[in-house]
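Tertiary structure, described
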2 protein chains.
Amino acid sequence: VLGEFDLIALLRERVEAAGAPAGDHVILGPGDDAAVTLPRGATATSVDAMVEGVHFRRETFPPEAIGHKALAVALSDLAAMGAAPGEAYVQVGVPDDLRADELAAVADGLGSVARSAGVAIAGGDVVRSPALWLAVTVVGHAEASREFVRRGGASPGDALVLTGPVGGAAAGLLLLERPELASALDAATADRIRDRQLRPSLRLEAGRALASAGASAMIDVSDGLAADAGHVAAASGVLLRVELTHEVLEAGVEQVAAAAGLDPLDLVAGGGEDYELLAAVPQDSVKAALEAVRATGFDPATVGRVEDGEGAVLSGPTGREVSDGGYDQLRPPAPAGPSG
Amino acid sequence: VLGEFDLIALLRERVEAAGAPAGDHVILGPGDDAAVTLPRGATATSVDAMVEGVHFRRETFPPEAIGHKALAVALSDLAAMGAAPGEAYVQVGVPDDLRADELAAVADGLGSVARSAGVAIAGGDVVRSPALWLAVTVVGHAEASREFVRRGGASPGDALVLTGPVGGAAAGLLLLERPELASALDAATADRIRDRQLRPSLRLEAGRALASAGASAMIDVSDGLAADAGHVAAASGVLLRVELTHEVLEAGVEQVAAAAGLDPLDLVAGGGEDYELLAAVPQDSVKAALEAVRATGFDPATVGRVEDGEGAVLSGPTGREVSDGGYDQLRPPAPAGPSG
């Protein structure tokens, strides 16, 4: 078994080899008592953790995906602020039965996301732990704090813009936990849906585009579209009415839901983890906002509007409605076997 | 069982009730996708985690001490940079068998340290976990990055200054794990030694005083004085010769070591967790540095010197010498029973 200093060195080396940048703001990276940065303007800081047996199981999540998802999920909060990504700090709890090559693969996943996001991994720590977990802190930047988009600015009349299709991450979790459901799909679609769960892609540029285009409020879809729309509604003191058409459901989600005997609306409303951005946009900025998001490579849609009132109401393709009060986030089934 | 949103609300409420400040740099605190701060100059950022069954056992650590120690340990890295404390972000992994009142006590410990350090708890997260853990990120400030004291600036001829007595934290761990050893001490001394393990006090002002007084290199004694002196030696390309007299040993450490059949030098060299600061100080600044630390309420001592060479050599009151290569950090014994 490697000691903690060895594990830290291994992690750092692999993250560097994956091409994580040194960081424009970083004066002193890992290895001292603290990292030193020069932020200039305002910073946005967010934390996110992933825990074995709660957010993933090692039986279904390859170690590289664990690293990928942990950093991508944390960065999603920066995307939802419209922040320019800066630095990440990664703490890893390592159980004795995690092999060095598995930890190296976790680092590869972290490093690959860091490279594509342009985020410096400026610090971190490795500690022994009974279960594998990653706790990530990310810092994003803006010239002034007013450039960040909060949850509380939505006004009645604003349109709701979603950066892409939803429901895929929850459907992907179903495919991972119940592989027989994949027979409802062609192989490429099944792979894409599993990747929505395993390897969320980044919407940092889309978030900045929405911020520049005048989004009045923004959040990432992490807890489930119902809960997340509810958070914006509560912070803004408004009602969010979200209308989901077939087109806003990730391709294949309806088939997986049907095979599992579920309503796809429940996967969208309660599943979460899609990490699309939901933004409120004043009507006269909607066209520019949609175009700006498209220019970053995503396929946004308007999915409803902000009204006077409170809470969030989602309606699905069948006309069924659900509200934000009715959902706790769907979670992987309790693990059976040694990893739990 | 409370949901994660309830636990986050509980934690936030208790931390506020304990008097944690809002933070001079904080524009937007907890509750949005990210906290927003306005750092102005340079920042120092460090992370630290404490894990049940590895760094503490719930049988011997009261929940309030778990919160206290997690934040104090993270802040110790800022002290070692000479940073002014700014913000903390706290992630907590909560097992199902942790009661709400125990989590509230963890928050009380966090809040109490935040208040006395003047640190804002600007963000955080609560997640379910098989074991209790806290992962803390702290951010400190300075007007310019050159004000931070790194590990790599020690020069031959510099004196070594220690902000206070060492060995207490390792002796305290022995008392917690083997209560019968306390019969070697009076009750007040035993309490004080246990508190060195449970509730490290903060040396933030002492760290800034040493920085202002011209310390050339600095580190906190977390991994053990041998390893930590070795880190400074390696970063600076010098030899650190540390000479420990009776006076530099925490009162009672020699009795606990004798009762346990150990050499007190081993507790100091390998025990760590004393969170005193070890600074290299140019000779013409030593007097001012000692006075500046005394003015912050601590009792510093010169404990050796920097020489040409490499590595660290510690000698104890008996003349016995140990080097930095020979120690891994002493850890609590593997827990027996349900908490492991």
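Data block above holds the structure.
Predicted model only: the values in this text are computed from it and were never measured.

Regarding the side chain of Asp48 of chain B
Tracing the backbone shows Asp48 of chain B in strand β3 (residues 42–51). Excluding residues that lie within four positions of it along the chain, Asp48 of chain B makes contacts with Gln91 and Asp125 of chain A together with Val73, Ala74, Asp77, Leu134, Ala135 and Val136 of chain B.

Comments concerning the nonpolar core
Within the largest apolar cluster, 67 residues are counted, with the highest numbers of intra-cluster contacts made by Leu71, Leu75, Leu134 and Leu210 of chain A. The contact partners of Leu75 of chain A, leaving out residues within four places of it in the chain, are Val113, Ala117, Val119, Val138, Leu202 and Leu204 of chain A. Residues Ala74, Val94, Ala142 and Ala289 of chain B belong to the second largest nonpolar core, which totals 66 residues.

Some words on the packing of aromatic side chains
For any pair of aromatic rings, the description consists of the separation of the ring centres together with the inter-plane angle of the planes. Taken as a whole and assessed by the stated rule, the structure comprises three aromatic pairs over all chains. Judged by centre distance (6.0 Å) and plane angle (50°), the rings of Phe56 of chain A and Phe61 of chain A are tilted. You'll find Phe56 of chain A and Phe61 of chain A in the same group, each marked buried. When the ring of Trp133 of chain A is compared with that of Trp133 of chain B, the centres are 4.2 Å apart and the planes differ by 15°; the resulting orientation is stacked. Of this pair, Trp133 of chain A sits in strand β6 (residues 133–142) while Trp133 of chain B sits in strand β6 (residues 133–142), which puts the two residues in different chains.

A word on the interface of chain A and chain B
In this complex, chain A contributes 53 residues to the contact, which on the side of chain B involves 53 residues. For the pair chain A and chain B, the summed buried surface comes to about 4100 Å²; carbon and sulfur atoms form 58% of the total. For the pair chain A and chain B, the interface holds four salt bridges. Salt-bridge contacts for Arg151 of chain B lead to Asp32 of chain A; the nearest nitrogen and oxygen are separated by 3.9 Å. Remark: the boundary between chain A and chain B carries 17 residue pairs in polar contact (both at pLDDT 80 or more). Looking at the side of chain A that touches chain B, the elements that each hand over two or more residues are α1 (4–17), β1 (26–28), β2 (35–37), β3 (42–51), β4 (84–94), β5 (120–128), β6 and β8 (217–220) of chain A. Tallied by class, the residues present in the side of chain A that touches chain B amount to 26 nonpolar, 13 polar and 14 charged. Two elements, β2 of chain A and β3 of chain B, share three bridges in a ladder whose sense is antiparallel. When the bridges of β3 of chain B are listed, Ala35 of chain A appears paired with Thr45 of chain B.

Cut-offs applied
Residues numbered from 1 in each chain as written. Chains lettered and ligands numbered in written order. Predicted model: local features only at pLDDT ≥ 70, side-chain atom pairs only at ≥ 80, totals over all residues. Heavy atoms only, no water. Helix = DSSP H or I, 4+ residues; strand = E, 2+ residues; numbered from the N terminus. Contact = heavy atoms within 4.5 Å. Core = buried A, V, L, I, M, F, W, Y, C linked by side-chain atoms within 4.5 Å. Buried < 20%, exposed > 50% of the residue type's maximum accessible area, 1.4 Å probe, protein only. Phe/Tyr/Trp six-rings, centres within 6.5 Å; stacked < 30°, edge-to-face > 60°. Buried area = accessible area lost by both parts, 1.4 Å probe. Salt bridge = Lys/Arg side-chain N within 4 Å of Asp/Glu carboxyl O. Polar contact = N/O pair within 3.5 Å; in protein donor to acceptor, adjacent residues only side chain to side chain. Nonpolar A, V, L, I, M, F, W, Y, C, P; charged D, E, K, R; others polar. Pairing = 2+ DSSP bridges.

Honestly, it's all geometry; don't read function into it.
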